[in-house]
Amino acid sequence: MPLAGIGMCCRETAYDQICIERSIEWFLLQGGRHIDGAHLYMNHEAIGKGIRNANKKGAGIPREEIFLTTKVYPSNFGYQATREVVETALVELG
């Protein structure tokens, strides 16, 4: 796991899908590899787009180099609920 990463919460731009997409793209093109997200932040889709955009611009980052974290909110604890929220996150991230 990379020592430094980019967190995708708790600032005004964290809820602007275009800002998220561009921030992730820029972060990856600059060499960043750890992205910290959460289902609660409602920006998985923009994170996924940012990753794809960086790769379209020639970053060519192998998936195994990107360390992406997300979180499961307590209301989704339990085997089936956790599986469902993880599946949703994977779809949203693309």
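For the structure, check the block above.
Values in this document were obtained by computation on a predicted structure and should not be read as measured data.

Visitor: Can you break down helix 2 (residues 44-56) residue by residue, with the values?
Guide: For an α-helix, 3.6 residues make a turn, and residues three or four places apart therefore share a direction. Helix length check: helix 2, at 13 residues, gives a terminal C-alpha distance of 18 Å against a target of 18 Å (1.5 Å per residue), a fit within 8%. Of the positions making up helix 2, those classed as buried are His 44, Ala 46, Ile 47, Gly 48, Gly 50, Ile 51, Asn 53 and Ala 54. Against the buried residues of helix 2 lie helix 1 (17-29), strand 2 (34-36), strand 3 (67-69) and helix 3 (79-93). Positive backbone phi, at 100°, marks Gly 58, one or two positions downstream of helix 2.

Visitor: Lay out the sheet that holds strand 2 with the relevant residues and their values.
Guide: One open sheet accounts for three strands, arranged 1-2-3; its pairing is parallel. Looking at the sheet topology across the chains shown, the edges are occupied by strand 1 (6-7) and strand 3. Across two bridges, the pairing between strand 1 and strand 2 is parallel. Within strand 2, the residue paired with Gly 7 across the bridge is Asp 36.

Visitor: Any chance you could break down the packing of helix 2 against helix 3 for me, citing the residues and the numbers?
Guide: Taken N-terminus to C-terminus, the directions of helix 2 and helix 3 make an angle of 45°; their axes are 7 Å apart at the nearest point. As summarised for this structure, helix 2 and helix 3 are arranged oblique, according to the angle between their axes. In this structure, helix 2 uses His 44, Glu 45, Ile 47, Gly 48 and Arg 52 to contact helix 3, whose residues at the interface are Ala 89, Glu 92 and Leu 93. Here the contact of helix 2 with helix 3 is built from residues that sort into three nonpolar, two polar and three charged.

Visitor: So what's going on with the side chain of Arg 33? Which residues, and what values?
Guide: Note that Arg 33 resides in the loop between helix 1 and strand 2. A distance of 3.0 Å separates the side chain of Arg 33 from the backbone oxygen of Leu 28, its partner in a polar contact. Engagement of the side chain of Arg 33 in a polar contact is seen with the backbone oxygen of Gly 31, the distance being 3.5 Å. In this structure Arg 33 touches Pro 2, Phe 27, Leu 28, Ile 61, Glu 65, Ile 66 and Phe 67, once residues within four positions along its chain are discounted.

Thresholds applied
Residues numbered from 1 in each chain as written. Predicted model: local features only at pLDDT ≥ 70, side-chain atom pairs only at ≥ 80, totals over all residues. Heavy atoms only, no water. Helix = DSSP H or I, 4+ residues; strand = E, 2+ residues; numbered from the N terminus. Expected span 1.5 Å × (residues − 1). Buried < 20%, exposed > 50% of the residue type's maximum accessible area, 1.4 Å probe, protein only. Contact = heavy atoms within 4.5 Å. Pairing = 2+ DSSP bridges. Axes fitted to C-alpha atoms, helices over the stretch in contact; angles between N-to-C directions. Parallel < 35°, antiparallel > 145°, perpendicular 65-115°, else oblique. Nonpolar A, V, L, I, M, F, W, Y, C, P; charged D, E, K, R; others polar. Polar contact = N/O pair within 3.5 Å; in protein donor to acceptor, adjacent residues only side chain to side chain.

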